[in-house]
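# Secondary and tertiary structure notes
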Amino acid sequence: MAATLRIQSDWSRALSRDEGEAWLSCRSPGKPTLYGSVTRRGLRSQGVPDIAASEGFLVGEVTKKSILISCPHENVSTKFLAPYTTFPRIHQKSVTCLDISSGGGLGVSTSTDGTMKIWQAANGEIRRLLEGHVYDVNCCRFFPSGLVVLSGGMDAQLKVWSAEDASCAVTFKGHKGGILDTAIVDRGRNVLSCSRDGTAWLWDCGKSACLGVIADCGCPINVIAVGTADDSLNLGTPETPPSEREVGTEGKVLLLAREDRKLQGVGLQSRQPLFLFVGSDAFNCCTFLSSTSILAGTQDGNIYQLDVRNTNTPIQVIHRSGAPVLSLLPYRDGFIASQGN
């Protein structure tokens, strides 16, 4: 397991002052944590800060928005990026979920302050307040059009909203427990939800009706993800012909990140189980890297990369720290992971 190099979360603000200071730590499993600091000593050419590190740490490339720091003793280096911009006034408490529209113009987010809001991605200006769920809203996402929002809450309801006037066009009811995540199939005529009740459902937006229960796991399903399957993968055959209202489910795989330490794959149209991988702890997140490669993160800090054609042995297991892996996002040739620390 690799060493982890950290800098305090508000380092960019601390180092924006003429003589600011930020704290460092480098932790390797089974070894004492190394502590240090970085200090700003003024400005160099072109307005770039002059940054120095305490004993045991080295400062590499410095720009106005990033610092490369290494810990030679543990042979680890990390580039720390400052926020491009910050929107402190959208919510009063922790943000629990957010999404950006396909065009990049709007954001939608939920918070422990009990609100769900749509805002301008350029400046954080609040455009709409989406009100209608009872209790907390757990998840929100834009449809591909960027004009419609899908949300799910602890009230076991799934709602479809207009991003233009904040009206709620559709409410889906049927789950027996709070909805924990959603997914959109293709352009959005069908959507998916998963719940604390252990089930994942497929819904028809046009008829406001359930098209079927895709999986019943007997334990909470924390997150779902839908992706296109590789041609070599046998997705099974539906027991009954799919409804004509079911659009875009053919050739798709649904991933289920479960609380009971299992990551499950299901043929979306066939409803047939494809694989069941047992991890080290509850799965908090999952995503597709390609038609054959998937990622999933656990509560105890493991990130598993698997080949859906053979999930018996992971391609790799990444463990940077014991903090929960909360989200995973494909990015260029790799991915971005967020953890609870």
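Keep in mind the model is a prediction, meaning the values are calculated, not measured.

### Quick word on the UniProt feature "repeat: WD" (unreviewed entry) in the protein
Those places that UniProt annotates as "repeat: WD" (unreviewed entry) correspond, in this numbering, to residues 88-129, 130-171 and 172-204. End C-alpha atoms of residues 88-129 are separated by 16 Å, and the span's content is 0% helix alongside 50% strand. Structurally, residues 172-204 comprises 0% helix and 64% strand, and the distance from its first C-alpha atom to its last is 9 Å.

### Let's talk about the nonpolar core
Ranked by size, the top nonpolar core spans 26 residues in total, and within it Phe172 and Val191 carry the most contacts. Looking at this core, the elements that each hand over two or more residues are strand S9 (106-111), strand S10 (116-120), strand S12 (137-142), strand S13 (148-153), strand S14 (157-162), strand S15 (168-173), strand S16 (179-185) and strand S18 (199-204). It is S12 that contributes the most residues to this core, 4 residues altogether. When residues of this core are assigned to domains, at least three map to each of domain 2 (87-173) and domain 3 (190-340).

### Brief notes about the pairing of strand S22 (residues 262-267)
Here S22 lies mainly inside the structure; 5 of its 6 residues are buried. Two strands pair when backbone bridges link them, and strand S21 (residues 252-258) and S22 are joined in this way by 5 bridges, in the antiparallel orientation. Residue Val253 lies in a different strand from S22, and its bridge partner there is Gly267. Hairpin geometry of S21 and S22 is characterised by an intervening segment of 3 residues between the two adjacent antiparallel strands and by a positive phi of about 75° at Arg261. In the sheet, S22 pairs with strand S23 (residues 273-278) via 5 bridges, with the strands oriented antiparallel. From the neighbouring strand, Leu263 faces S23, where its bridge partner is Phe277. Where S22 hands over to S23, the hairpin turn is made up of 5 residues, of which Arg271 adopts a positive phi near 65°.

Definitions and cut-offs
Residues numbered from 1 in each chain as written. Predicted model: local features only at pLDDT ≥ 70, side-chain atom pairs only at ≥ 80, totals over all residues. Heavy atoms only, no water. UniProt positions renumbered as here; feature names shortened; annotations may be inferred. Helix = DSSP H or I, 4+ residues; strand = E, 2+ residues; numbered from the N terminus. Core = buried A, V, L, I, M, F, W, Y, C linked by side-chain atoms within 4.5 Å. Buried < 20%, exposed > 50% of the residue type's maximum accessible area, 1.4 Å probe, protein only. Domains from an automatic or database assignment. Pairing = 2+ DSSP bridges.

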